[in-house]
Amino acid sequence: MRPSELLRRTLHNWPIKLAAVLTALVLWYQLREVEPVVERSLERPLEVVGLGEDRAVVGLPKTVIVRFRGTARIVENLNPGAVIVFIDLSGVNEGPFAANVQVRAPSGVQIAEVVPAKVEARVERLGAGVLPVEVYAPGSVVTFEPDSVEMRGPAGLVERARAAVGVDLTAEGTVRLVAFDEAGTPLPELTLDPDTARITFRSPTLARKEVDLVLLPAPRDLHPVRVEAPAKVTLVGPPGVLGQITAVQAEAEWRVGEYTAPLELLLPPDVDAIGVVLAKLKVEPAKPLE
């Protein structure tokens, strides 16, 4: 097609074509202007940049609340991971500091509020050490591994830490460990390696209880002249079972003579006596009835 012909077709009815384009632009602008603006809040982790590898921060909040606004289309489709919250500690070597919280957000998002907008904490050199592991399992006695873990974090907290503690509440076999100081205060800023312990054996918690000892009578053909046996005995077993026991029967090894012999305690399953229970006996043949 010749240029003159193309130009003629382009300019044909040009007022109508121009009006159509202008109408489309006006409609697009109006739709854009009337799209509702909404607000949304997100809780985002607070990151630290510009800090030396041999330094750590103590006393810093782990998360920050960011309130932002934008058109409904942008806000509703916003990926939370696209909102980055951080403080820049370039040039901070050691000691207390105050820093403004900075937010990096996608285009079209306006930051309305940051809580907190400013943080105060301190920078310490990194320390390292080894902590013994303690695992508590309510209602059970457990063995576990490992028995110690490595810790790393702010030197001041490393010096305070006394144990890596886990609580087995779900009986799943693995518990999360957290460093604690001597006063029982958790120190989550310390990194543990490994940070879990594995339960290798589990048994019910055992209790102790002292109960009466009842010696069963001798056979009819024997006559006990002297019997010296403990009046009470200490038992060990599950608390629920021990709670139902008030006395324990015992059988002696009856025979003629003067001797010391262990007593056989008639105990329910899972219950044992502490130590060997002995009796001193003097036994004679029973006299025949006249």
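About the criteria used
- Residues numbered from 1 in each chain as written.
- Predicted model: local features only at pLDDT ≥ 70, side-chain atom pairs only at ≥ 80, totals over all residues.
- Heavy atoms only, no water.
- Buried < 20%, exposed > 50% of the residue type's maximum accessible area, 1.4 Å probe, protein only.
- Helix = DSSP H or I, 4+ residues; strand = E, 2+ residues; numbered from the N terminus.
- Pairing = 2+ DSSP bridges.
- Axes fitted to C-alpha atoms, helices over the stretch in contact; angles between N-to-C directions.
- Salt bridge = Lys/Arg side-chain N within 4 Å of Asp/Glu carboxyl O.
- Polar contact = N/O pair within 3.5 Å; in protein donor to acceptor, adjacent residues only side chain to side chain.
- Contact = heavy atoms within 4.5 Å.
- pLDDT = per-residue confidence, 0-100.
- Core = buried A, V, L, I, M, F, W, Y, C linked by side-chain atoms within 4.5 Å.

The name that an unreviewed UniProt entry assigns to the protein chain is YbbR family protein, with the source organism given as Oceanithermus profundus.

Participant: An account of the pairing of strand β13 (residues 178-181) is requested, with residue identities and associated values reported.
Facilitator: The alternating pattern of β13 places Ala179 and Asp181 on a buried face, while none of Val178 and Phe180, on the opposite face, is buried. In this structure, strand β11 (residues 161-167) lies alongside β13, joined through 4 bridges in antiparallel fashion. In the sheet register, Ala163 faces β13, and the bridge partner there is Phe180.

Participant: Residues and numbers for the sheet that holds strand β17 (residues 222-228), please.
Facilitator: Strands belonging to one sheet form pairs held by backbone hydrogen bonds; the direction of such a pair is parallel or antiparallel. An order of β17-β23-β20 is seen for the 3 strands of this open sheet, with the pairing classed as antiparallel. Both edges of this open sheet fall to β17 and β20 (257-262), since each of them pairs with a single strand only. Across this sheet, the average inter-strand angle for adjacent strands is 30 degrees, counted without regard to direction. Across 6 bridges, the pairing between β17 and strand β23 (residues 278-285) is antiparallel. By the bridge assignment for β23, His223 is matched with Glu284.

Participant: I'd love a proper account of the pattern of salt bridges, names of residues and values included.
Facilitator: Across all of its chains, the model carries 14 salt bridges by this definition. Close ionic contact of Asp168 with Arg202 constitutes a salt bridge, the shortest N to O distance being 2.5 Å. Placement of the pair is Asp168 in the loop between β11 and β12 (174-176) and Arg202 in strand β15 (residues 196-204), with a sequence separation of 34 residues. Arg202 gets classed as partly exposed once you look at its relative accessible area, which sits at 31%.

Participant: Account for the side chain of Asp181, naming residues and giving values.
Facilitator: The topology assignment puts Asp181 in strand β13. A residue is classified by how much of its surface remains accessible, and Asp181, at 11% relative accessible area, is buried. A polar contact of 2.6 Å, which involves the side chain of Asp181, links it to the side chain of Arg160. Side-chain polar atoms of Asp181 contact the backbone nitrogen of Thr185, separated by 2.7 Å. Contact partners of Asp181, with chain neighbours within four places excluded, come to Arg160, Ala161, Arg162 and Leu187.

Participant: Quick rundown of the confidence of the model for the protein chain? Include the residues and the values.
Facilitator: Mean pLDDT for the protein chain: 87, with 87% of residues reaching 70 or above. For the protein chain, per-element mean pLDDT is lowest for helix α1 (residues 3-11), which scores 56, and highest for β13, which scores 96.

Participant: I'd like a rundown of the nonpolar core, residues and numbers included.
Facilitator: One finds Leu46, Leu60, Ile87, Phe97 and Val101 to be the most contacted residues of the largest nonpolar core, which totals 21 residues. For this core, the elements supplying multiple residues, two or more each, are β1 (37-49), β3 (63-71), β4 (84-88), β5 (95-100) and β8 (118-136). Apart from the residues lying within four places of it in its own chain, the contact partners of Phe97 are Val57, Leu60, Ile87, Leu89, Val92, Val119, Glu120, Ala121, Arg122 and Val123.

Participant: So what about the environment of Ser107? Which residues, and what values?
Facilitator: Structurally, the position occupied by Ser107 is in the loop between β6 (102-104) and β7 (110-115). Taking the C-alpha atoms as reference, Ser107 lies 9.2 Å from Ile74; in sequence the two are 33 residues apart.

Participant: Tell me what's going on with unusual backbone geometry, and back it up with residues and numbers.
Facilitator: Residues Val115 and Pro116 are joined by a peptide bond in cis, for which omega reads -5 degrees. With respect to the helices and strands, the residue Pro116 is situated in the loop between β7 and β8. Cis peptide bonds are those with omega within 30 degrees of zero, and the linkage from Glu145 to Pro146 qualifies with 0 degrees. As for its position among the elements, Pro146 is in the loop between β9 (140-145) and β10 (148-154). Positioned with a positive phi, Asp270 is a non-glycine residue whose angle comes to about 70 degrees. As for its position among the elements, Asp270 is in the loop between β21 (264-265) and β22 (272-273). On the basis of relative accessibility, which here comes to 61%, the residue Asp270 falls in the exposed class.

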